[in-house]
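Structure at a glance
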Amino acid sequence: MPRQPRRRSYDQHCAAARALDLVGDRWTLLVVRELLAGPRRYTDLHADLPGVSTDMLAGRLKDMEGAELVTRRRLPPPASASVYELTPRGRDLLPVLRALAAWGAPELGDPRPTDAVRAHWYAIPLLGTLAGLGAGVVQVSLDEGEFHVRVGDDGSVAYGDGVYGAGTATVPDTRLRTDAATCRALAGGELTLAEAIEAGRATCVRTEPAAAAR
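In this text the structure is predicted, and so the values were computed from the model without any measurement.

Our focus in this paragraph is the pairing of strand β5 (residues 145–151). A regular strand places its side chains so that they alternate between the two faces of the sheet. In this sheet, β5 lies alongside strand β4 (residues 136–142) in antiparallel orientation, the contact comprising 7 bridges. By the bridge assignment for β5, V138 is matched with V149. Count of turn residues in the β4/β5 antiparallel hairpin: 2 residues. Inspection of the sheet shows β5 paired to strand β6 (residues 157–161) by 5 bridges, in the antiparallel sense. Counted as the bridge partner of F147 is D161 from β6. Linkage of β5 to β6, two consecutive antiparallel strands, is achieved through a turn of 5 residues, within which G155 is found at a positive phi near 90 degrees.

Shown next, in the form of C-alpha cells:
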C-alpha cells in the first residue's frame, strides 16, 4: 500500500525537516514512547497520555498509521479488542527518544503539582544504566508502579510496562527497588546505580537460578 501523504509539511528538502513532517506534531513522540513498551489498546493509550483529547489521539494514530509508523491489529479470541503497535520503522525511534530524554533529564527536577507521573516514563532515561547490569530482564519497582527492561546479549535494550511475565511462571533476572527521586538522579547523571545502592536509595537482587527455573 502506498504511503498516504500527510496533511502538513515543512516543504524543505532536509532530512531533519522530513523527520519532523512525520513525528514533529504534538503528542506523536509520546505515543511512540507508550508503544515502545508494547502493543496497547486505545483506552490504555489514552489513560497513559493524560491531557490528550480523544479526537487528538485518534487523529495522531491515524496519521501514524498513514506514515507506516503504527499498525493496528485485532486480538485473537476470546479478546475482542484491537491494539496499536509500532512497525519496525516506528521502533527505530527508540534512539531518538533516548537522546531527547538524555537532553531533557536536567530539566526534570521535582514533579510540579500539575505533573502526571507513570513509572514506565522513567524507563527510557534509565536504559543505559540498567544495561550495565548485563543481559537479562530487570524488574523495576517504584511507589508509582512497575516496569521492566530487557537487555540482549548484544547490548540491545527494550522496555515494557508493568510486571514482567505477569500471570505466568516467568520471573525477571534482577529485581530493582528504588524511588522516583533516585530515578531522576540516575537519569541526570548525578548518581550511579552503585552509589544509589551503597546509599540505601536502591536495592538490587539477582534472581536465584532455581527460582527462575520454577
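Turning our attention to the pattern of salt bridges. Enumeration over the complete set of coordinates arrives at 10 salt bridges. Across the pair R184 and D110 runs a salt bridge, and its minimum N-O distance is 3.2 Å. In this pair, R184 sits in helix α8 (residues 180–187) while D110 sits in the loop between α6 (94–104) and α7 (123–131), placing the two residues 74 residues apart along the sequence. Look at R184 and you get buried, because its relative accessible area is 14%. Taking the shortest distance from any N to any O, the salt bridge between D143 and R177 comes out at 2.4 Å. Highlighted residues: D143 in the loop between β4 and β5 and R177 in strand β7 (residues 174–177), separated in sequence by 34 residues. Through salt bridges with shared partners, a single ionic network connects R33, E34, R40, D48 and R118.

Time to look at unusual backbone geometry. Notably, W27 is not glycine yet its phi reads approximately 85 degrees, a positive angle. Tracing the backbone shows W27 in the loop between α1 (15–23) and α2 (28–35). The exposure class of W27 is buried, given its relative accessible area of 14%. Backbone geometry at E68 places phi at a positive 60 degrees, although glycine is not the residue there. Position of E68 relative to the elements: it lies in the loop between α4 (54–66) and β2 (70–74).

Within α1, burial applies to A17, D21, L22 and V23. Residues of α1 that are buried in the fold lie against α2 and α5 (88–91).

By definition, the strands of a sheet pair up through backbone hydrogen bonds, in either a parallel or an antiparallel sense. Pairing is antiparallel across the open sheet formed by 3 strands, whose spatial order is β1-β3-β2. Where the open sheet ends on each side, the last strands, each with one partner, are β1 (40–41) and β2. Relative to strand β3 (residues 82–86), β1 runs antiparallel, the two being bridged by 2 bridges. From the neighbouring strand, R41 faces β3, where its bridge partner is V83. Along the sheet, α2 contacts β1, β2 and β3; its crossing angle with β3, the most-contacted strand, is approximately 105 degrees.

With that settled, the discussion passes to α6. For α6, the full list of buried residues reads L94, L97 and A101. The arc enclosing the buried residues of α6, seen along the axis, measures out at 60 degrees, which places them on a common side. In this structure, α6 carries P95, A102 and W103 as exposed residues pointing more than 90 degrees from its buried face. Contacts made by the buried residues of α6 are with α2, α5, α7 and β6.

This part takes up the sheet that holds β7. One open sheet holds the 5 strands; their spatial order is β6-β5-β4-β7-β8, and the pairing between them is mixed. Two strands lie at the open edges of the sheet, namely β6 and β8 (203–206), each paired on one side alone. Taking each pair of neighbouring strands and ignoring which way they run, the sheet shows an average axis angle of 20 degrees. Here β4 runs beside β7; their pairing, made up of 4 bridges, is parallel.

Reading the values: the criteria
Residues numbered from 1 in each chain as written. Predicted model: local features only at pLDDT ≥ 70, side-chain atom pairs only at ≥ 80, totals over all residues. Heavy atoms only, no water. Pairing = 2+ DSSP bridges. Helix = DSSP H or I, 4+ residues; strand = E, 2+ residues; numbered from the N terminus. Salt bridge = Lys/Arg side-chain N within 4 Å of Asp/Glu carboxyl O. Buried < 20%, exposed > 50% of the residue type's maximum accessible area, 1.4 Å probe, protein only. Contact = heavy atoms within 4.5 Å. Axes fitted to C-alpha atoms, helices over the stretch in contact; angles between N-to-C directions. Arc of directions from axis to C-beta.

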